[in-house]
Amino acid sequence: MTPKRSGCETCKKRRIKCDEGKPTCQRCTRSRRDCLWAEKLLDIHFENPYASGHVKRPRGPRPAVVTVGQPAAGSPDRKRPTEIPATMQLSLQMQAVTFYLNYYMEPLPADALGVTKSLDDYICQLSAGSSSELLNAAIRCMALETYSRVHGYHERASAEAVQHHQALLSLARRSVARLGAQNLDEGLLGVFFLSRFDASTHAPAELRRKLSESRVHHYNGAMAMLKYWVDHLRGGSDKDHIQPSVSPIIKESRRGLLRFLLMHTLEVPEWMKDGEVFGEVGLEEIYDRVTVRTADLRHRVSRLLRQQTAETSFSSKYEVPLAQRLCDLNQEAQDLDSMLCDWVAQFQLSWAYQQHTLKMPNDPKRTKHATLSSQIYTYSNMSYAMLWAKYASVRLLVNDAHLRIISFCNNILVSTDPKVESHCRLVVEQMTDIIVCSKAFFMGELKTGWDQAV
């Protein structure tokens, strides 16, 4: 009788029967193993010292090609460190890259909404078979640093990460010096990994401040590259001559820069405000426009508060202009909140979240790791969860800025509508609930057996 060949690869290797449950079968769930499926397998190849001629190859049969499985989406143990058998004899670099690609660079499904994608969703696609020295160095650098941090700051991995970081810096400088249409994406990816490396490096407080300043320099470099693309490679400033397609790396790099400007209350440059120039269309373009205006609102509010805090008194000649500025900011915040409401009203019913109430167990071992709220939101797709998180985050920032405006008006005895303030506080609470109640879904903390939805 021919054995059944269906089932996950993990159960096949263990020579046990699989119930074929997806994304994770019951046997892998109970044994806390990675449930690997044939369609999810990822082959990784790096040049080894034998092939390069640096080390003489030993006599005897060559080892078999190592194939490492990528965990299925929604697996409860996605973030658990990879267990690699000692018989594989993988190098530290190979272990780190495998671990990083499997657990930190898993792309969204192919049908994911465009507004929820990021650079991570294109890294694996670009690195597969890529001969780019800069991209390979960037992945190795970030993989070794992540591997070191997750494994208790592995000393050897950390040392190798620093070496690759220095090499990556050198390659990035050379790439920027010969910037053109052929290597623009490569340069942007290099800057992306340099910034992420500085953000994740374990260091003392004093060094962390320097790394934070270095991240700002990386963002400035990425912004200069995008400005160069707009001025010299896009095909002119006239919208009628815009290139029909924009590289996803350029689009996602601009989105990352917008998030950086938004969170640091910095001004968005004029050349960067038009999302259509960078390929934003449909719902993406509406969200992009709201994000740009929200960043501008937060920057104007912060600048106004800094200016007025420096002044100990308000003379009569400044009262009318100040009142007008506050009125304009109030109206802008209300308009942005309305735009976000109209935007979310265009969501399809299948994108909505399902609300559940958990019966929390009395076992202290369970409650210690329980979610922050007994209310949880689940989604049919991780892409939809990210969509709602983006909506809640931006609307939260808009109403936070609005509350700061109202508070400032009250301090200088400028009348405001109490109902507006109550509405802002209610929206902040609602948006916070969306983020908190979705946390269990994002972190894969929903387990069957002890938490039952009512």
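What counts, and where the lines are drawn
- Residues numbered from 1 in each chain as written.
- Predicted model: local features only at pLDDT ≥ 70, side-chain atom pairs only at ≥ 80, totals over all residues.
- Heavy atoms only, no water.
- Helix = DSSP H or I, 4+ residues; strand = E, 2+ residues; numbered from the N terminus.
- Buried < 20%, exposed > 50% of the residue type's maximum accessible area, 1.4 Å probe, protein only.
- Contact = heavy atoms within 4.5 Å.
- Areas by Shrake-Rupley, 256 points an atom, 1.4 Å probe, with all protein chains shown as cover.
- Polar contact = N/O pair within 3.5 Å; in protein donor to acceptor, adjacent residues only side chain to side chain.
- Axes fitted to C-alpha atoms, helices over the stretch in contact; angles between N-to-C directions.
- Parallel < 35°, antiparallel > 145°, perpendicular 65-115°, else oblique.
- Left-handed = near helix turned anticlockwise from the far one by under 90°.
- Nonpolar A, V, L, I, M, F, W, Y, C, P; charged D, E, K, R; others polar.
- Salt bridge = Lys/Arg side-chain N within 4 Å of Asp/Glu carboxyl O.
- pLDDT = per-residue confidence, 0-100.
- Phe/Tyr/Trp six-rings, centres within 6.5 Å; stacked < 30°, edge-to-face > 60°.

Per an unreviewed UniProt entry, the recorded name for the chain is Fungal Zn2-Cys6 binuclear cluster domain-containing protein, and the organism is Apiospora arundinis.

Draft legend 1. Structural context of the overall build of the chain. Looking only at helices and strands, one finds 16 helices and four strands in the chain. Taken over 454 residues, the chain has a buried fraction of 44%. Residue pairs at least 24 apart in sequence account for 71% of intrachain contacts in the chain once pairs closer than 6 positions are excluded. When the accessible area of the chain is evaluated, it comes to approximately 25400 Å², of which 53% is carbon and sulfur surface.

Draft legend 2. Looking closely at the side chain of Asn183. With respect to the helices and strands, the residue Asn183 is situated in the loop between helix H7 (155–177) and helix H8 (184–200). Here Asn183 falls in the buried class, since its relative accessible area comes to 6%. From its side chain, Asn183 meets the backbone oxygen of Arg178 in a polar contact 3.1 Å long. What Asn183 contacts, discounting residues up to four positions off in sequence, is Ser175 and Arg178.

Draft legend 3. View of the packing of helix H14 (residues 382–411) against helix H15 (residues 418–437). Close contact between H14 and H15 brings their axes to 9 Å; oriented N to C, the two are set at 150°. The angle between H14 and H15 falls in the class roughly antiparallel. As for the relative orientation of H14 and H15, their crossing is left-handed in sense. Between H14 and H15, the residues in contact are Trp388, Tyr391, Ala392, Ser393, Arg395, Leu396, Asn399, Asp400, His402, Leu403, Ile406 and Asn410 and Val420, Glu421, His423, Cys424, Arg425, Val427, Val428, Met431, Thr432, Ile434 and Ile435, respectively. Split by residue class, the contact of H14 with H15 holds 13 nonpolar, six polar and four charged.

Draft legend 4. Quick peek at the pattern of salt bridges. Applying the stated criterion to the full structure yields 14 salt bridges. For Asp231, the salt bridge identified is with Lys227, shortest N-O distance 2.5 Å. Of the two residues, Asp231 and Lys227 both sit in helix H9 (residues 205–233), four residues apart, roughly one turn of that helix. When the shortest N-O distance is used, the salt bridge between Glu280 and Arg255 registers 2.9 Å. In this pair, Glu280 is assigned in the loop between helix H10 (248–263) and helix H11 (282–310) and Arg255 in helix H10, connecting sequence segments 25 residues apart. One connected set of salt bridges, linked through shared partners, spans Lys251, Glu252, Arg255, Glu280 and Glu284.

Draft legend 5. Fine view of the confidence of the model for the chain. Per-residue confidence for the chain gives a mean pLDDT of 76; residues scoring 70 or more make up 70%. Confidence, read as mean pLDDT per element, is least for strand S2 (residues 68–69) in the chain (42) and greatest for H15 (92). Confidence drops under pLDDT 50 across residues 312–320; counting only partners more than four residues distant or on other chains, this segment forms four contacts. Counted against residues more than four places away or in other chains, residues 448–454, with its pLDDT under 50, gives 13 contacts.

Draft legend 6. Layout of the packing of aromatic side chains. Within the structure shown, the criterion is met by 13 aromatic pairs. A ring pair is formed by Phe192 and Phe193, whose centres lie 5.2 Å apart and whose planes are at 75°; its orientation type is edge-to-face. The residues Phe192 and Phe193 share a single accessibility class, namely buried. On the numbers, 5.0 Å between centres and 80° between planes, the contact of Tyr353 with Trp388 is edge-to-face. With Tyr353 in the loop between helix H12 (316–344) and strand S3 (354–357) and Trp388 in helix H14, this residue pair connects regions lying 35 residues apart in the sequence. Its relative accessible area of 25% is what places Tyr353 among the partly exposed residues. A connected cluster of aromatic rings, assembled from ring pairs, spans Tyr287, Trp343, Phe347, Trp351, Tyr353, Tyr377, Tyr379, Tyr384, Trp388, Tyr391 and Phe441.

Draft legend 7. Geometry of the packing of H7 against H8. Packing of H7 against H8 brings their axes to within 10 Å, and their N-to-C directions diverge by 145°. Remark: the crossing between H7 and H8 carries left-handed chirality. Along the contact surface, H7 presents Ala161, His165, Leu168, Leu169, Ala172 and Ser175, while H8 presents Glu186, Gly187, Gly190, Phe193, Leu194, Phe197 and Asp198.

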